[in-house]
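# A structural walkthrough
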Amino acid sequence: MAIEKFEAVVESVNGLQVSCKSREFEFTLDEPKNLGGTNTGMNPVEALLNSLGACKVIVAKSFARMHKIDLKSIKIEIEGELDPDGFMGKNKEAKIGFSKITTNFFIEANNTDEEIEKFVTFINRTCPVADTLENSPMMISKIIK
């Protein structure tokens, strides 16, 4: 199968607000007021956590039947731990990004606990966003004038 390319265009709007566009979709990211924003949208790290959770839900819904999981409902809560002193430059020892991400799965299915545990392992292994976070891709930055 050919490599798929996904694209995003992110532009500064006002203060710390940014417009995020992919295909025909657009949303605003911002920072909370206590971090210098106007609180008009979630911030980038919250968006990352939501992207991870959405990816895991989509994987679960896409593959449940194949794995013989009688999925009635799924909800995922994700918590990331981040020390703002790292990216603010206040603590050179602090990690800049998340130091820990915890995913809590709430799955209602007519399956055994063991079957659900195996399915959750599959979800975590198959989610492209999780894989990207666990196995960082090559990052290339270009300045275009």
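Residues numbered from 1 in each chain as written. Predicted model: local features only at pLDDT ≥ 70, side-chain atom pairs only at ≥ 80, totals over all residues. Heavy atoms only, no water.

## Concerning the environment of I76
Counting through the fold element by element, I76 comes out in strand β4 (residues 71–81). For I76, a relative accessible area of 16% translates into the label buried. Taking the C-alpha atoms as reference, I76 lies 23 Å from T28; in sequence the two are 48 residues apart. Setting aside residues up to four positions removed in sequence, I76 forms contacts with G53, K56, V57, T103, N104 and F105. (Helix = DSSP H or I, 4+ residues; strand = E, 2+ residues; numbered from the N terminus. Buried < 20%, exposed > 50% of the residue type's maximum accessible area, 1.4 Å probe, protein only. Contact = heavy atoms within 4.5 Å.)

## Regarding the side chain of Q17
Assignment of secondary structure puts Q17 in strand β2 (residues 17–22). Ignoring sequence-local partners within four residues, the contact set of Q17 consists of E11, S12, T28, L29, D30, T38 and T40.

## Quick notes on helix α3 (residues 113–126)
A rise of 1.5 Å per residue sets the reference length of α3, with its 14 residues, at 20 Å; its end C-alpha atoms lie 20 Å apart and thus fit the reference within 8%. Among the residues making up α3, those that are buried are I116, F119, V120, F122 and I123. Here the buried residues of α3 occupy an arc of 160° about the axis, which is enough to place them on one side. Away from the buried face of α3 by more than 90 degrees, exposed residues E114, E117, K118 and R125 are located. (Expected span 1.5 Å × (residues − 1). Arc of directions from axis to C-beta.)

## Quick notes on the nonpolar core
Across soluble globular proteins, nonpolar side chains have a tendency to be buried as a group. Of all hydrophobic cores here, the largest spans 18 residues; its most connected members are A60, I69, L71, I74, I107, F119 and C127. Looking at this core, the elements that each hand over two or more residues are α1 (44–63), β4, β5 (100–109) and α3. Of the residues forming this core, the biggest block, 5 residues, is contributed by α3. Every residue in contact with F119, bar those within four places of it in the chain, is listed here: A60, F63, A64, H67 and I69. (Core = buried A, V, L, I, M, F, W, Y, C linked by side-chain atoms within 4.5 Å.)

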